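As a plain string of letters, each chain reads:
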Amino acid sequence: MSVMSKVVPPWLRGYQRSWLSTDIVAGVTLSMIAIPEVLGYTSISQTPLVTGLYTVIFPTMLFVLLGSSRLLVVGADSATAALLAAGLGGAAISGVTPGSPEWLAYTSVIALVCGVMLLIARVLRLGFLGDFLPASVLIGFLTGVGVQVFSGQIPDMLGVPKGTGTWLQQQWTMITSIPDLNWWTFAFAIGTVAIIFGFKKFLPKVPGAVVAVVLSVILSATLDASTHGVAVVGPVQGGFPPIGLPQGITLSDVQANMATILGIAFSCFVLIIAQSAATSRSFAMKHGQKVDINRDIVGLAGSNLAAGLSSTFVVNGSPTKTQILDEQKGRTQLANLTMSLIVLLFTMFFTGILADMPKAVLAGIVFVIGVVQLANQASAAQ
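The notes below deal with the structure included here. None of the values given here were measured: they were computed from a predicted structure.

### As for the overall build of the chain
Right, so step 1: Along the backbone of the chain there are 16 helices and two strands.
Right, so step 2: Here the C-alpha radius of gyration of the chain, 20 Å, is about what a compact globule of 382 residues would show, namely 21 Å.
Right, so step 3: Its C-alpha atoms give the chain principal-axis dimensions of roughly 65 × 50 × 45 Å.
Right, so step 4: For the chain, the residues scored as buried account for 51% of the 382 residues in total.
Right, so step 5: The long-range share in the chain, meaning contacts at least 24 apart out of those at least 6 apart in sequence, stands at 85%.
Right, so step 6: Carbon and sulfur atoms make up 68% of the accessible area of the chain, which amounts to about 16,800 Å² in all.
Right, so step 7: Charge centroids of the chain, computed over 18 positive and 14 negative side chains, lie 16 Å from each other.

Written as structure tokens, this is what we have:
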């Protein structure tokens, strides 16, 4: 194999001019769907809202350059976000609370460690690990994640406290708080769910999540929803994503908590390889293509290193976003590059429009993702 063939991304070899307009349109559509989706995932990772946008900028660009798959979309994913939050929350690191700068710093460090693990996996040619995890185990795990994801959004959809403790304790807190639900908040949430499913059924080519976000922002600003007890997103940090090592914790902090960091990173590492390989292979087979899982691992390693160096959290091959790209007739990673550039422009200049968006809308979007994930896993198990 020539040096040039190793450097040029596989998806770019034999690229046809007739694919260009299709890829660009698919990328634009994907960006409109990905923006509200990745914003919602921050409620799982418990990091600042803008970090969701960061996951589909430089991490996605690195996979475009280094990966093998023509369609795999890399970015925030509910499964790895849930693993990350559960691991950090369960570790109870002194002085580190969800949403704090220190919490974000640890999520970025975990992404860096995960990237290094993936590089080691590539050196050792461990792409076969994508087949090592039994399908039944992966389905069972993702089903559990789906339950955790959609149930975790219900308090925000009702405008009641989330509660603390075990999952059952949190559900009990939510149930006993139902009499105190905020009807304005609930209306925004149920409206979001209805719009997404309605458009999916009757106008599937129109991204319902985008319609829900736009309408909610307009209604929230017009009705001054925050004065009625509706929690809104508030000011969102804009501008170019920060580049550099994680800030807010010291090297001694990292060393003191290395066992926790390695444990969480390894869990994410296993899931990334298994889920990304399964997604990449399934779409390649669908289109009669070949995929180099070891090269994809290089792309995923670069993506997570980029995530750690741009103040965001672990990224993964996303089955939901890849499915969306395929439905939009995207042909290559040029569609994903288009998406990244649009999200970058949005992050730099347009985050101000999110200030009036009710948090219940993001909760509704993630609730739908969790329900759809459960349905997909139930179908896969049959």
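Having put the structure on the table, let's press on.
### Description of the nonpolar core
Right, so step 1: Of all hydrophobic cores here, the largest spans 102 residues; its most connected members are L39, L53, I110, L118, M357 and I365.
Right, so step 2: At eleven residues, helix α6 (residues 101–123) tops the list of elements feeding residues into this core.
Right, so step 3: Here L118 is in contact with F269, I272, I273, I297, L300, A301 and N304, once residues within four sequence places are set aside.

### Looking at the state of the cysteines
Right, so step 1: With the rule as written, the count across this model stands at zero disulfides.
Right, so step 2: C268 provides the cysteine sulfur closest to C114, a residue in no disulfide bond, and the two sulfurs are 5.5 Å apart.

### Section: the environment of D296
Right, so step 1: Checked against the element boundaries, D296 lands in helix α13 (residues 293–308).
Right, so step 2: Under the relative-accessibility criterion, D296 is labelled buried at 3%.
Right, so step 3: When the C-alpha positions of D296 and S311 are compared, they lie 23 Å apart, and in sequence the two are 15 residues distant.

### Some remarks on the pattern of salt bridges
Right, so step 1: Summed over the entire model, instances satisfying the criterion amount to three salt bridges.
Right, so step 2: Linking K321 and E37 is a salt bridge whose minimum nitrogen-to-oxygen distance equals 2.9 Å. Note that K321 is positioned in helix α14 (residues 319–327) and E37 in helix α2 (residues 20–45), a separation of 284 residues in sequence. Taken individually, K321 and E37 each receive the classification buried, so the pair is uniform in this respect.
Right, so step 3: Residues K286 and D326 are paired through a salt bridge, measuring 2.5 Å at the closest nitrogen-oxygen approach. Separated by 40 residues along the polypeptide, K286 in helix α12 (residues 258–286) and D326 in helix α14 bring together distant segments of the chain.

### Observations concerning the environment of I139
Right, so step 1: Tracing the chain through its elements places I139 in helix α7 (residues 135–158).
Right, so step 2: Expressed as a C-alpha distance, the spacing of I139 and A378, which sit 239 residues apart in the sequence, is 8.1 Å.

### A look at the packing of helix α5 (residues 78–91) against α6
Right, so step 1: Interhelical geometry of α5 versus α6 gives an angle of 120° and a closest axis separation of 11 Å. In terms of axis orientation, α5 runs oblique to α6. The chirality of how α5 crosses α6 is right-handed. Contact residues: α5 offers L84, A85, L88 and G89, while α6 offers W103, Y106, T107 and I110.
Right, so step 2: For the contact of α5 with α6, the class distribution of residues is six nonpolar, two polar and no charged.

### Concerning the packing of aromatic side chains
Right, so step 1: Inspection of the entire model under this criterion finds seven aromatic pairs.
Right, so step 2: Their ring planes at 80° and their centres at 6.4 Å tell us that W11 and Y15 sit as a pair that is edge-to-face.
Right, so step 3: One aromatic cluster in this structure is built from W11, Y15 and W19.
Right, so step 4: Stacked on the ring of F202, the Lys or Arg K201 has its end atom at 5.7 Å from the ring centre.

So, how was this worked out
Per chain, residues are indexed from 1 in the order of the written sequence. For this predicted model, a pLDDT threshold of at least 70 governs which residues receive local features, and a threshold of 80 or more governs which side-chain atom pairs are given and counted, while totals over whole chains, interfaces and linings are taken from all residues. Note that water and hydrogens are dropped before the side-chain values are worked out from all heavy atoms of the structure. Helix numbers and strand numbers start at the N terminus; a helix is a DSSP run of H or I with at least 4 residues, a strand a run of E with at least 2. The globule rule used here is 2.2 Å times the number of residues to the 0.38 power, and the radius of gyration it is set against is calculated over C-alpha atoms. Exposure is judged per residue with a 1.4 Å probe applied to protein chains only, and the accessible area is read against the type maximum: over 50% gives exposed, under 20% gives buried, and values in between give partly exposed. Any two residues whose heavy atoms approach within 4.5 Å at even a single point are treated as in contact. Under the convention used here, a 1.4 Å probe and the Shrake-Rupley method define accessible areas, while residue burial counts only the protein chains that appear. Charge assignment: positive for Lys and Arg, negative for Asp and Glu; neither His nor the chain ends contribute. By convention, the charge on Lys lies at NZ, on Arg at CZ, on Asp at CG and on Glu at CD. Working definition of a nonpolar core: buried Ala, Val, Leu, Ile, Met, Phe, Trp, Tyr and Cys residues. They are joined through side-chain atoms within 4.5 Å. A pair of cysteine sulfur atoms is labelled a disulfide when the two atoms are within 2.5 Å. Every case where a carboxyl oxygen of Asp or Glu lies within 4 Å of a side-chain nitrogen of Lys or Arg is listed as a salt bridge. Each axis is a line fitted through C-alpha atoms, and for a helix only the stretch in contact is used; angles between axes span 0 to 180 degrees, taken between their N-to-C directions. Orientation categories follow fixed angle ranges, with anything under 35 degrees roughly parallel, anything over 145 roughly antiparallel, 65 to 115 roughly perpendicular, and all other angles oblique. Definitions for this section: a left-handed crossing has its near helix turned counterclockwise from the far helix by less than a right angle. A right-handed crossing has that turn clockwise. Amino acids outside the nonpolar list (Ala, Val, Leu, Ile, Met, Phe, Trp, Tyr, Cys, Pro) and the charged list (Asp, Glu, Lys, Arg) are all regarded as polar, and Gly is one of them. Aromatic pairs are defined between Phe, Tyr and Trp rings, using the six-membered ring for Trp, whenever the two ring centres lie within 6.5 Å; interplanar angles under 30 degrees are classed as stacked, those over 60 as edge-to-face, and all others as tilted. By definition here, charges over rings are those cases where NZ of Lys or CZ of Arg is within 6 Å of the ring centre and within 35 degrees of the ring normal.

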